[in-house]
Amino acid sequence: AQSVTQLDSHVSVSEGTPVLLRCNYSSSYSPSLFWYVQHPNKGLQLLLKYTSAATLVKGINGFEAEFKKSETSFHLTKPSAHMSDAAEYFCVVSEETSYDKVIFGPGTSLSVIP
Amino acid sequence: NAGVTQTPKFRVLKTGQSMTLLCAQDMNHEYMYWYRQDPGMGLRLIHYSVGEGTTAKGEVPDGYNVSRLKKQNFLLGLESAAPSQTSVYFCASKGGAGSYNEQFFGPGTRLTVL
């Protein structure tokens, strides 16, 4: 069975410092993995996705994530946090089913301190 | 393109009342989904549709019904609202089959049941 664990419910960083949001997954298949961002009172926006091509995936707004099969991880990073990065981040795993089932992690809330 | 839109944005119901949430997408997507978002739980799938005229149950379908009479619209109904259905509801759409295809989300409907 698939599952997604986001290891930190809340992360706080200072503006200009690196961001690391951790995600571990379990899947019986070769998964597709996604990171979505949700700003307050907004819908979810895709940051990046892994679909079995390059293991290092670059996304929007300077974010990137590395797929590590041996560690079943898909951590999200950014070299330098910006105030506008404050939001909720969701790691998502998808598997091939009749409707392409997706499992959402519980989310990590990122705060950026000026 | 407007993408995925949801109507209404906010609603307050009394226990036992009924309502319908409308989701519309202008991307000619085949797949559509309804989720609910509750604090600390990520998003959970209520119902989904893989094409016009088809619907199926997701993870938490009890108390909800759906219809997909037109390809671009996916309606979520609450026949007799309960306080446990207080949540934020998101609609999403996807172009077609393939776990590597991302879902596009609407802005959400915030529902409170008193």
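We now turn to the structure provided with this report. Since the model is a prediction, treat every value here as computed from it, not as a measurement. (Residues numbered from 1 in each chain as written. Chains lettered and ligands numbered in written order. Predicted model: local features only at pLDDT ≥ 70, side-chain atom pairs only at ≥ 80, totals over all residues. Heavy atoms only, no water.)

## Some details on the overall build of chain B
Alright, step 1. Looking only at helices and strands, one finds zero helices and eleven strands in chain B.
Alright, step 2. Secondary structure of chain B in N-to-C order comes out as β-β-β-β-β-β-β-β-β-β-β.
Alright, step 3. The C-alpha atoms of chain B give a radius of gyration of 13 Å, which matches the 13 Å a tight globule of 114 residues would have.
Alright, step 4. For chain B, the spread of C-alpha atoms along the three principal axes comes to 40 × 30 × 25 Å.
Alright, step 5. Counting the 114 residues in chain B, one finds 50% classified as buried.
Alright, step 6. Sequence separation of at least 24 residues holds for 54% of the intrachain contacts in chain B that already meet a minimum separation of 6.
Alright, step 7. Of the roughly 5,300 Å² that chain B leaves accessible, carbon and sulfur atoms contribute 53%.
Alright, step 8. Seen as two clouds, the 11 positive and the 8 negative side-chain charges of chain B have centres 7 Å apart. (Helix = DSSP H or I, 4+ residues; strand = E, 2+ residues; numbered from the N terminus. Rg over C-alpha atoms; globule rule 2.2 N^0.38 Å. Buried < 20%, exposed > 50% of the residue type's maximum accessible area, 1.4 Å probe, protein only. Contact = heavy atoms within 4.5 Å. Areas by Shrake-Rupley, 256 points an atom, 1.4 Å probe, with all protein chains shown as cover. Lys, Arg positive; Asp, Glu negative; His and termini not counted. Charge placed at Lys NZ, Arg CZ, Asp CG, Glu CD.)

## What to know about the packing of aromatic side chains
Alright, step 1. On inspection of all chains with the given rule, the structure shows eleven aromatic pairs over all chains.
Alright, step 2. Residues F104(A) and F105(B) carry aromatic rings whose centres are separated by 6.1 Å and whose planes lie at 80° to one another, so their mutual orientation is edge-to-face. Placement of the pair is F104(A) in strand 11 (residues 102-104) and F105(B) in strand 10 (residues 104-105), with the two residues belonging to separate chains. Like F105(B), F104(A) is buried.
Alright, step 3. Cluster of aromatic residues (ring-pair linked, three or more members): F34(A), Y36(A), F104(A), Y33(B), Y35(B) and F105(B). (Phe/Tyr/Trp six-rings, centres within 6.5 Å; stacked < 30°, edge-to-face > 60°.)

## Some remarks on the interface of chain B and chain A
Alright, step 1. In this complex, chain B contributes 25 residues to the contact, which on the side of chain A involves 22 residues.
Alright, step 2. Interface of chain B and chain A: buried area, both sides summed, is about 1,700 Å²; carbon and sulfur atoms make up 52% of it.
Alright, step 3. One salt bridge connects K49(A) with E102(B), and the closest N-O pair in it is separated by 2.7 Å.
Alright, step 4. The interface formed by chain B and chain A holds four residue pairs in polar contact (both at pLDDT 80 or more) in total.
Alright, step 5. Sorting the residues of the side of chain B that touches chain A by element identifies strand 4 (31-37), strand 5 (43-49) and strand 9 (87-94) of chain B as the ones contributing at least two each.
Alright, step 6. Take the side of chain B that touches chain A: its biggest share by element is four residues, from strand 4 of chain B.
Alright, step 7. Along the lines of polarity and charge, the residues of the side of chain B that touches chain A split into 13 nonpolar, nine polar and three charged. (Buried area = accessible area lost by both parts, 1.4 Å probe. Salt bridge = Lys/Arg side-chain N within 4 Å of Asp/Glu carboxyl O. Polar contact = N/O pair within 3.5 Å; in protein donor to acceptor, adjacent residues only side chain to side chain. Nonpolar A, V, L, I, M, F, W, Y, C, P; charged D, E, K, R; others polar.)

## Considering the state of the cysteines
Alright, step 1. Counted by the stated rule, this structure contains two disulfides over all chains.
Alright, step 2. Two residues share a disulfide in this structure: C23(A) and C91(A), whose sulfurs sit 1.9 Å from each other. Handedness of the C23(A)-C91(A) disulfide follows from its S-S torsion of about -65°: it is left-handed. Note that C23(A) is positioned in strand 4 (residues 23-26) and C91(A) in strand 10 (residues 87-94), a separation of 68 residues in sequence.
Alright, step 3. Residue classification places C23(A) among the buried residues on the basis of a relative accessible area of 0%.
Alright, step 4. Overall, C91(A) belongs to the buried group, its relative accessible area being 0%.
Alright, step 5. Two residues share a disulfide in this structure: C23(B) and C91(B), whose sulfurs sit 1.9 Å from each other. Taking the torsion about the sulfur-sulfur bond, which here is approximately -75°, the covalent link between C23(B) and C91(B) counts as left-handed. Separated by 68 residues along the polypeptide, C23(B) in strand 3 (residues 19-25) and C91(B) in strand 9 bring together distant segments of the chain. (Disulfide = S-S within 2.5 Å.)

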